[in-house]
Amino acid sequence: MRTSACIEVAAPIEEVWKIVSDPGRALSFMSGVTRWEVASENATGLGARYRMLLRVGSAEIGGLIEVVEWDEPSDYAWTSVTGVDQRGRFRLRRMRGGGTRVEMRLAYGVAGSGPFGWIAEQMAAPTVRGHLRRTVQQLKRLVEYEQLRERAAARRAAAGI
Amino acid sequence: MAQTGTAGRPGNGQTALPAVRVGDEQPSGSLVGRALRSFADQVARRIPRADLDERDPDFIRERLPMLWLAASIWFRGEVRGLGNIPESGPVLLVGNHSGGNVTPDTTVFTLAFNTYFGVERPFFQLAHNLVLSMPGLGQLRKFGTVAASPENARQALRSGAALLVYPGGDYEVHRPSWERNRVDFGGRRGFIRLALDENVPIVPVVAIGGQETALFLTRGEGLARLLRLDRLFRLKVLPLSVALPWGVNVGDMLGHLPLPAKITIETLPAIDLRAEFGEDPDVAEIYDYLVSLMQETLDALAAERRLPVLG
């Protein structure tokens, strides 16, 4: 099952990337995620590994994931090493006017689980889709709020306050 | 999942005999007695020897969606505090047990443990001999279910696994519905000696809701004694309940369709027995402490519930 959610953020792509790619901030905007811990020597970049869990229904589902694509500042993708099969991606694109279009994709399932697996994927889809939507919304709020604070700080500095 | 229990006879503080000991019984002359002994013999032969290698992570992984459907959709399961379980190494998970022979708390917890820590982490559960010898339930062994005996428990812990035990076993799981919010291990303390001998921490796992999946009327201990089930099958109960689809359900041997009661499970912080109770701890003191701790947690979970079944 593949789900996705996208949103437009009124901030430069570099600012969005700074937050999206920082494992230390994952819990602050990723909805339903209860764990996102660095499990490799390098915290970011190609080959970085994280232990992550996402609450879906009565279980926290996830496992060890590895970053398999790292194209700063536009693409960041991971795939599961252990646990439920998953492929995720943050896809950032510059928009006219200086904004950024953010798309989050997540494909998940359990290979070999048969019809129960298919049913479970369908039943879990609304929850996962909801998590993705809230994630991009929270990311937008976080990035734009930080932009607002930076601009306010710059104004205060200029005014000598 | 199956009814489980640590070995141990109520009240004696000892670990129990490993399995049905048919040979210890004196032959009964009556036809019924001979039939029962023959059946017990068959059951004893069907009890598999514990082989930890039978646990199959790939099999468990492929069954996770099925468990997830049962736990999330049917039982609306909620498991809290899994972070209290040590990230690695052997640990004894001690739970209260509910739901008759269809034990939803085990289903919900097995799913939660395997998704939280990954199917790669060895995780075993002790089950009553009868459960493992039931036709069609052999697949439980692939989930890591082994017959309840001190030897099997030690083997699992020495392999570095997490081991889930239900000290109350068949005695607790068939308690009447009006005692649903009571932790009742029946005085079985073998699990404490096990944790001390193997020097592993105990993590209490408190569940609520399982005893609302049917109307449990009585354990039927007297009937079990009368039919000598305790001596033949290590069964101390012959429960009577009202359950789907049977109506009046005697013995619950074929299981039942559980009502979709909300299952909530709380995992408490790990307890290092020697650090808490000294180098030569009193087993009875630890038992009283653990039961009261779990009872307080169960009371708190019960206070959160507004209606039976609905939660």
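That block above? That's the structure.
It should be emphasised that the depicted structure is a prediction, and the values quoted were computed from it without experimental measurement.

Section: the overall build of chain B
For step 1, the next point in the chain: Check the secondary structure of chain B and you find 11 helices and 10 strands.
For step 2, the next point in the chain: By the burial criterion, 50% of the 311 residues in chain B qualify as buried.
For step 3, the next point in the chain: A fraction of 78% describes how many contacts in chain B between residues 6 or more apart in sequence connect residues 24 or more apart.

Re the environment of Val32 of chain B
For step 1, the next point in the chain: Here Val32 of chain B shows up in helix α1 (residues 31–46).
For step 2, the next point in the chain: Classification of Val32 of chain B by C-beta neighbours within 10 Å gives exposed; the count is 9.

Examining the packing of helix α3 (residues 114–159) of chain A against helix α2 (residues 57–74) of chain B
For step 1, the next point in the chain: Running from N to C, α3 of chain A and α2 of chain B point in directions that differ by 45°, and their axes come no closer than 8 Å. Classified by the interaxial angle, the pair formed by α3 of chain A and α2 of chain B is oblique. For the pair α3 of chain A and α2 of chain B, the crossing hand works out as left-handed. Contacts between α3 of chain A and α2 of chain B involve Phe116, Gly117, Ile119, Ala120 and Met123 of chain A from the first element and Pro65, Met66, Trp68, Leu69 and Ile73 of chain B from the second.
For step 2, the next point in the chain: Looking at the contact of α3 of chain A with α2 of chain B, its residues break down into nine nonpolar, one polar and no charged.

Observations regarding helix α5 (residues 150–158) of chain B
Side chains that are three or four residues apart share a direction in an α-helix, a result of its 3.6 residues per turn.
Residue and element names in this part refer to chain B.
For step 1, the next point in the chain: Among the residues of α5, those classed as buried are Pro150, Asn152, Ala153, Ala156 and Leu157. Relative to the axis of α5, the buried residues are bounded by an arc of 165° and lie together on one face.
For step 2, the next point in the chain: In this structure, the buried residues of α5 make contact with β2 (91–95), β3 (123–127), β4 (145–147), β5 (162–165) and α7 (190–198).

A look at the nonpolar core
For step 1, the next point in the chain: Val16 of chain A together with Leu92, Leu93, Val108, Ala112, Leu163 and Val165 of chain B are the most contacted members of the largest nonpolar core, which has 105 residues in total.
For step 2, the next point in the chain: With seven residues, α3 of chain A is the single largest residue contributor to this core.

Calculation criteria
Once a new chain begins, its residue numbering starts again from 1 and follows that chain's sequence as written. Think of it this way: whatever chain is written first is A, whatever ligand is written first is 1, and the rest follow in order. The predicted nature of this model means local features are confined to residues of pLDDT at least 70 and side-chain atom pairs, given and counted, to a pLDDT of 80 or more, with totals for whole chains, interfaces and linings taken over all residues. The helix and strand labels rest on DSSP assignments: H or I over at least four residues marks a helix, E over at least two residues marks a strand, and numbering proceeds from the N terminus. A residue is called partly exposed when the number of other C-beta atoms within 10 Å of its own lies between 12 and 20, exposed at 12 or fewer, and buried at 20 or more, with C-beta atoms placed from the backbone. This entry defines residue contacts through backbone-placed C-beta atoms, with two residues in contact when those atoms are within 7 Å. Comment: axis = line fitted to C-alpha atoms, over the contacting stretch for helices; angle = value between 0 and 180 degrees taken between N-to-C directions. Between 65 and 115 degrees an angle is taken as roughly perpendicular, under 35 as roughly parallel, over 145 as roughly antiparallel, and anywhere else as oblique. For any helix crossing, the convention is left-handed if the near helix is rotated counterclockwise from the far helix by under a right angle, and right-handed if that rotation is clockwise. Classification used: nonpolar for Ala, Val, Leu, Ile, Met, Phe, Trp, Tyr, Cys and Pro, charged for Asp, Glu, Lys and Arg, polar for all others including Gly. Note that the arc is defined by the directions from the helix axis to the C-beta atoms. Buried Ala, Val, Leu, Ile, Met, Phe, Trp, Tyr and Cys residues form a nonpolar core when they are connected through C-beta atoms within 7 Å.

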